[in-house]
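Given next are the chains, with one letter for each unit.
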Amino acid sequence: MANLRVHRVAEQMKKEMSDIIGNRIKDPRVGFVTVTGVDVTGDLQEATVYISVFGDEEKKKASLEGLMKAKGFVRSEIGKRIRLRKTPEIQFKFDESVEYGSHIDQLINKLHHEDE
């Protein structure tokens with residue numbers, strides 16, 4: 001039963017986080033950021049937000065710095081939007097799965113071209 005609650009909280013946080021990052025953060029360093037997932041611990045004390053950033057490494061680094069700077073604002077917004085006893089501590093991490101999938105796709109295409 002607790003697992004279902006953690007999953008629901010994570011999904012709601014993902015939805016709200018996308019809205020906050022897309023519409024409420026005014027930091028110019030934060031570029032085109034997509035929230036790809038949120039993992040919440042079983043006790044709802046910590047949340048890891050996985051993000052994907054469109055752009056080069058410099059753009060990714062700047063976006064992460066901007067999000068880290070706005071962490072307090074984001075946490076307070078989440079607290080207002082989701083009724084929890086304690087708002088989880090937030091960590092931002094890059095979601096490497098998109099880049100990894102693209103790399104695998106390139107390798108498969110390369111193999112197909114070698115066969116021809």
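Please refer to the structure higher up on the page.
Residues numbered from 1 in each chain as written. Predicted model: local features only at pLDDT ≥ 70, side-chain atom pairs only at ≥ 80, totals over all residues. Heavy atoms only, no water.

Q: Give me the overall build of the chain: which residues, what numbers.
A: Of the regular secondary structure elements, the chain holds 4 helices and 3 strands. Counting helices and strands in the order they occur from the N terminus, the chain gives α-β-β-α-α-β-α. Computed over its C-alpha atoms, the radius of gyration of the chain comes to 17 Å, more than 25% above the 13 Å expected for a compact globule of 116 residues. Across the 116 residues of the chain, 31% fall into the buried class. (Helix = DSSP H or I, 4+ residues; strand = E, 2+ residues; numbered from the N terminus. Rg over C-alpha atoms; globule rule 2.2 N^0.38 Å. Buried < 20%, exposed > 50% of the residue type's maximum accessible area, 1.4 Å probe, protein only.)

Q: Break down the pairing of strand β1 (residues 33–40) for me, citing the residues and quoting the values.
A: Where β1 meets strand β2 (residues 46–53), 7 bridges bridge the pair, whose relative direction is antiparallel. The residue of β2 that forms the bridge with Gly37 is Tyr50. The antiparallel pairing of β1 with β2 creates a hairpin that spans 5 residues between the two strands, and Leu44 there sits at a positive phi of about 60 degrees. (Pairing = 2+ DSSP bridges.)

Q: Talk me through the environment of Ala10; I want residue IDs and the actual numbers.
A: Within the element layout of this structure, Ala10 appears in helix α1 (residues 2–24). Separated by 12 residues in the primary sequence, Ala10 and Gly22 place their C-alpha atoms 18 Å from one another. Excluding anything up to four places from it in sequence, Ala10 contacts Val38 and Val40. (Contact = heavy atoms within 4.5 Å.)

Q: Give a description of the nonpolar core that names residues and reports values.
A: Of all hydrophobic cores here, the largest spans 26 residues; its most connected members are Met13, Met17, Ile21, Val74 and Phe92. Among the secondary structure elements, those contributing two or more residues to this core are α1, β1, β2, α3 (71–81) and β3 (89–94). (Core = buried A, V, L, I, M, F, W, Y, C linked by side-chain atoms within 4.5 Å.)

Q: Describe unusual backbone geometry, naming the residues involved and giving the relevant values.
A: At Leu44, a position not held by glycine, the phi torsion is positive, near 60 degrees. Relative to the elements of secondary structure, Leu44 occurs in the loop between β1 and β2.

Q: Would you mind going over the environment of Gly55 in detail, with residue names and values included?
A: The residue Gly55 is located in the loop between β2 and α2 (57–69) in this model. Relative accessible area serves as the criterion here: at 40%, Gly55 is assigned to the partly exposed category. Taking the C-alpha atoms as reference, Gly55 lies 8.4 Å from Gly31; in sequence the two are 24 residues apart.

Q: Mind laying out the side chain of Thr48, listing which residues take part and the relevant values?
A: With respect to the secondary-structure elements, Thr48 resides in strand β2. In this structure, Thr48 is in contact with Gly37, Val38, Asp39, Gln91 and Lys93, ignoring residues within four places of it in sequence.

Q: Please give an account of the pattern of salt bridges that cites residues and values.
A: Counted under the stated rule, the structure contains 8 salt bridges. The residue Lys60 makes a salt bridge to Glu57 at a minimum N-O spacing of 3.8 Å. Placement of both Lys60 and Glu57 in helix α2 is noted, with a separation of 3 residues, approximately one turn of the helix. Residue classification places Lys60 among the buried positions, given a relative accessible area of 10%. Here the residues in one salt-bridge network are Glu16, Asp19, Arg24, Glu77, Lys80 and Arg81, joined through shared partners. (Salt bridge = Lys/Arg side-chain N within 4 Å of Asp/Glu carboxyl O.)

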